[in-house]
Amino acid sequence: MAYSVAGPWGLVAVMAAGIYGAFWLSQQREQQAAVASTTLTTAEGKLLEALRQESEEQLAGKDQEIADIRGKLAGLDQDRERLRVESDARISARERELADSMAATLEAERQKLLATGLSEAAVAKRLADLEAGIRATTDKELAALKQQAEAERLAQEQAAERLRSEYQQSLNQAQADRTRIQEEAVRKQADLEAGYRQKQLALEQDKAAAVAALDALRRAQEKESLVLDQFVSFYRE
């Protein structure tokens, strides 16, 4: 035959180049989708870790603040008990001092009266009168001391209650802040994961489309190869 092969071979080259180019582009698209998926997974993991670390630090700070406030509240109870014990001890000590002083005064008076030659009955009468006077004075002093101690105790109780109210408000606020931090961390994590899932789905869809395109090109390439083989065989005859 006298057919020219330049035209057919040029056509073959153009068709082959077109198929190869499309195939190459589809492969590139698939590879880019795979790389993007890996990059997204890494970035998402780093963001989640950073969010977790930040929330843990904030929660730890609030936990310490809450522990400090609870320690102050417990300290108020300890201070109240300490002040009560100290007040009772101060009154008891004064009672002992007055009792010892009265005993010493009565003994000294008894010796003095006995030295004057008075009878035991007369001495006892005078000592009883003296003791009654001393007790009246002592009881009056102790009553004033107890009244003062009670007033101080009440003033301290009122100051402690004001502090308790302030500490309790601070504790409630700190606990509310801790709850808010925890809820915000959960929400941020959920939003981040939701966004990640959407992006991941888009990438998977893109990758699936690239794979489908590759499969279609492979089938087209197989058919084209068959046609080209037949075409070339025809011109070789």
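The text that follows walks through the structure, step by step, so that each part is easy to find. All values derive from a computational prediction rather than experimental measurement.

A count of helices and strands for the chain gives two helices and zero strands. Relative to its 237 residues, the chain shows a buried fraction of 21%. Counting only contacts in the chain whose residues sit at least 6 apart along the sequence, the fraction spanning at least 24 positions is 91%. When the accessible area of the chain is evaluated, it comes to approximately 16300 Å², of which 56% is carbon and sulfur surface.

So, about the environment of Arg-153. With respect to the element layout, Arg-153 can be found in helix α2 (residues 120–236). In this structure Arg-153 comes out as partly exposed when scored by relative accessible area, which is 33%. Sequence separation between Arg-153 and Arg-84 is 69 residues, and the spatial gap between their C-alpha atoms is 7.4 Å.

In this section: the layout of surface pockets. Where empty space is left in the structure can be found by rolling a water-sized probe over the atoms. Of the pockets and cavities examined, the largest pocket occupies roughly 300 Å³. The wall of the largest pocket is formed by 20 residues, among which Arg-80, Leu-83, Arg-84, Arg-153 and Gln-156 lie closest to the centre. Mapped by element, the contributors of at least two residues to the lining of the largest pocket are α1 (6–115) and α2. Top element by residues in the lining of the largest pocket is α1. It accounts for eleven residues. Looking at the lining of the largest pocket residue by residue, the class counts come to six nonpolar, two polar and twelve charged.

The next point concerns the pattern of salt bridges. All chains considered together, the criterion is met by 24 salt bridges. Arg-164 is the partner of Asp-77 in a salt bridge, and the nearest nitrogen-oxygen pair spans 2.7 Å. With Asp-77 in helix α1 and Arg-164 in helix α2, the pair connects residues that are 87 residues apart, well separated along the chain. Judged by its relative accessible area of 33%, Asp-77 is partly exposed. With a closest N to O distance of 2.5 Å, Glu-81 and Arg-84 form a salt bridge. Taken together, the residues Glu-81 and Arg-84, both in helix α1 and three residues apart, mark about one turn of the helix. Looking at Arg-84, the relative accessible area reads 37%, which means it is partly exposed. Because the salt bridges share partners, they merge into one network encompassing Lys-62, Glu-65, Asp-177, Arg-180 and Glu-184.

General note: in soluble globular proteins, nonpolar side chains tend to be found buried as a group. In this structure, Ile-66, Ile-69, Leu-73, Leu-76, Ala-160, Tyr-167, Leu-171 and Ala-174 together form the largest nonpolar core, which totals eight residues. Elements with a contribution of two residues or more to this core: α1 and α2. With six residues, the next largest nonpolar core counts Leu-106, Leu-113, Leu-127 and Ile-134 among its residues.

Thresholds, definitions, all that
Residues numbered from 1 in each chain as written. Predicted model: local features only at pLDDT ≥ 70, side-chain atom pairs only at ≥ 80, totals over all residues. Heavy atoms only, no water. Helix = DSSP H or I, 4+ residues; strand = E, 2+ residues; numbered from the N terminus. Buried < 20%, exposed > 50% of the residue type's maximum accessible area, 1.4 Å probe, protein only. Contact = heavy atoms within 4.5 Å. Areas by Shrake-Rupley, 256 points an atom, 1.4 Å probe, with all protein chains shown as cover. 1 Å grid on protein atoms, 1.4 Å probe; cavity = no way out; pocket = protein on both sides within 12 Å on 5 of 7 lines; lining within 4 Å. Points joined across faces, edges and corners; volume = space filled by probe spheres on them. Nonpolar A, V, L, I, M, F, W, Y, C, P; charged D, E, K, R; others polar. Salt bridge = Lys/Arg side-chain N within 4 Å of Asp/Glu carboxyl O. Core = buried A, V, L, I, M, F, W, Y, C linked by side-chain atoms within 4.5 Å.

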